[in-house]
Structure formats: structure tokens, C-alpha cells
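Here is what each chain is made of, one letter per residue.
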Amino acid sequence: MTRFGIGYDVHKFTTNRKLIIGNVEIDYPLGLAGHSDADVLIHAIMDAMLGAAALGDIGQHFPDTDPKLKNIDSSELLEYVKIMLDKQSYRISNIDSIIVAQNPKMSPYIPKMRERIADILKIDFDLVSIKAKTEEGLGFTGSEQGIAAYAVVSIER
């Protein structure tokens, strides 16, 4: 049986912070605010994975009130979610995701993001799709206040 989950995350821009998306550092003068490293893409993917397996959401498993998670690398959290799926005998059959940002431009970084996420999850590179979109100057991402990400994950037993 194939199951699907959808994930969404958003973080606003802030100063004095690295911009990490898809476990890749992006050359940009602003970073994203958050309790962890604020990797909006990995957070959306984790929520989609958890949703597909009906295991709750990232706020439930990784609350922003937990001091142990302060500034944690989201790849560690992604590894943990993968273990949760493994324990339920699920395997990832596809990840499709979108990063929504007016700036910076994501396309130069997407191959490395795909590689990193595939490596973290121990899945084939071609199972990870990442696209980048702008909102043509509309909304909070279009006015460069932050970045959003969407993900759909399919899993099978």
C-alpha cells in the first residue's frame, strides 16, 4: 500500500544567521529565524514523512521549547524521522518539494540539496525532486520577508 504525506514550513529572514536550505549553506546576507537551524525544506520534508506514516508532526516530536534542540542541524532531525519510518517498516518511494523564495535564487544549489537529502535518508538521488519558485513579488516570500517550502512524500510498506 502506498501512502502520501504533505508538508509545509515557513521561516522569516533574520540577520546574523547562516541560510541553510536542504542541508546546504546558501550564499546570502540573511538567514532564517528558528529554534533549530531553520532549514525550511528539510522541515517540510519531515512533516510530509510523518504525515504519510500518521506519526504526527515535527512540532510534536521536536518542540521549539526543547533547549536540546536549540540551533540543531535539521539533518539530525531528518535522520531521526527516517528511523521512525524504518521502525514502522516504511520505505520512501518519492519526495517532491518546492522552495518558495523571491531571493536568493535556489537553482544553483538544488543538485547539492538533492544529493544531501538522498544521502541523509539513504535513498537514491532520483527519488528526491526539488523545485524553486518565486511569487512574482506577491506575499511574504515575494516581498522577501521569508522563505516557504512544500513537500509531498510517498511511502510504502
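Shown above is the structure to which this text applies.
Here the structure is a predicted model, which is why all the values come from computation and not from measurement. (Residues numbered from 1 in each chain as written. Predicted model: local features only at pLDDT ≥ 70, side-chain atom pairs only at ≥ 80, totals over all residues. Heavy atoms only, no water.)

### Digging into the nonpolar core
Residues Ile21, Met113 and Ile147 are the most contacted members of the largest nonpolar core, which totals 47 residues. Breaking this core down by element, the ones donating at least two residues are strand E2 (19–21), strand E3 (24–26), helix H1 (40–52), helix H3 (74–87), strand E5 (91–100), helix H4 (110–121), strand E6 (128–133) and strand E7 (146–156). The element best represented in this core is H1, accounting for 10 residues. Look past the residues within four positions of isoleucine 21 in its chain and what remains in contact with it is Ile26, Leu32, Asp39, Val40, Leu41, Ile99, Met106, Met113 and Ile147. (Core = buried A, V, L, I, M, F, W, Y, C linked by side-chain atoms within 4.5 Å. Buried < 20%, exposed > 50% of the residue type's maximum accessible area, 1.4 Å probe, protein only. Helix = DSSP H or I, 4+ residues; strand = E, 2+ residues; numbered from the N terminus. Contact = heavy atoms within 4.5 Å.)

### Some words on unusual backbone geometry
A cis amide bond links asparagine 103 with the next residue in sequence, proline 104, at an omega value of 0°. Counting through the fold element by element, proline 104 comes out in the loop between E5 and H4. In this structure, alanine 38 is a non-glycine residue whose phi angle is positive, near 60°. Inspection of the secondary structure assignment puts alanine 38 in the loop between strand E4 (31–32) and H1. Here alanine 38 falls in the buried class, since its relative accessible area comes to 0%. With a phi angle near 55°, lysine 122 is a residue other than glycine that sits in the positive phi range. Along the chain, lysine 122 turns up in the loop between H4 and E6.

### Considering the pairing of E5
As paired strands, E5 and E7 are joined by 9 bridges and run antiparallel to one another. Within E7, the position partnered with serine 97 by the bridge is alanine 151. Taken together, the 6 bridges between E5 and E6 define a ladder with parallel strand orientation. Paired with isoleucine 95 across the two strands is valine 128, which belongs to E6. Where the polypeptide runs from E5 across H4 and back to E6, its parallel neighbour, the crossover connection is right-handed. (Pairing = 2+ DSSP bridges. Right-handed = clockwise from strand over helix to strand, strands pointing away.)

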